[in-house]
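An overview of the molecular structure
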Amino acid sequence: MNCIGNNNVVARSNKEHSHFILKTLRGFPEIKDAKTLFVLDEVKHTTALPVALP
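Residues numbered from 1 in each chain as written. Predicted model: local features only at pLDDT ≥ 70, side-chain atom pairs only at ≥ 80, totals over all residues. Heavy atoms only, no water.

Scanning the chain from N- to C-terminus turns up one helix and two strands. Each helix and strand of the chain, ordered N terminal to C terminal, gives the series β-β-α. Every one of the 54 residues in the chain was classed for burial, and the buried ones make up 7%. Summing over all exposed atoms, the chain offers an accessible surface of approximately 5700 Å²; the carbon and sulfur share of this is 56%. (Helix = DSSP H or I, 4+ residues; strand = E, 2+ residues; numbered from the N terminus. Buried < 20%, exposed > 50% of the residue type's maximum accessible area, 1.4 Å probe, protein only. Areas by Shrake-Rupley, 256 points an atom, 1.4 Å probe, with all protein chains shown as cover.)

Take a look at the structure:
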């Protein structure tokens, strides 16, 4: 399980994600709600900028 930034969590499986939400986050009385977004497929991952060389 990895935490990215302030609000993002990366889990290896749905089971691991569910355990984190139900057992960890719900243990805090300040947490009233949680939303989940699943990325099904990565189209392109790069940090390179297109630069034309002379």
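Residues of helix α1 (residues 14–24) that are buried: E16, H17, F20 and I21. Buried residues along α1 cover an arc of 130° about the axis, so they all sit on one side. Residues of α1 that are exposed and point more than 90 degrees away from the buried face comprise N14, K15 and K23. (Arc of directions from axis to C-beta.)

As a further point, take the pattern of salt bridges. Taken as a whole and judged by the stated rule, the model has one salt bridge. A salt bridge links E16 to R12; the nearest nitrogen and oxygen atoms lie 3.0 Å apart. Its relative accessible area of 19% is what places E16 among the buried residues. For R12, a relative accessible area of 70% gives the class exposed. (Salt bridge = Lys/Arg side-chain N within 4 Å of Asp/Glu carboxyl O.)

Before going further, it helps to examine a nonpolar patch on the surface. A grouping of L49, V51 and L53 is seen on the molecular surface, where their side chains present a nonpolar patch of about 400 Å² in accessible area. The residue L49 is located in the segment after α1 in this model. According to the relative accessible area criterion, L49 is exposed, its value standing at 72%. (Patch = residues over 30% accessible without salt bridge, like charges linked within 9 Å, V, L, I, M, F, W, Y side chains within 5 Å.)

Attention now moves to the environment of K35. Summarising the element assignment, K35 is placed in the segment after α1. Classification of K35 by relative accessible area gives exposed; the value is 77%. Remark: the alpha-carbon pair of K35 and I21, spanning 14 residues in sequence, is separated by 9.7 Å.

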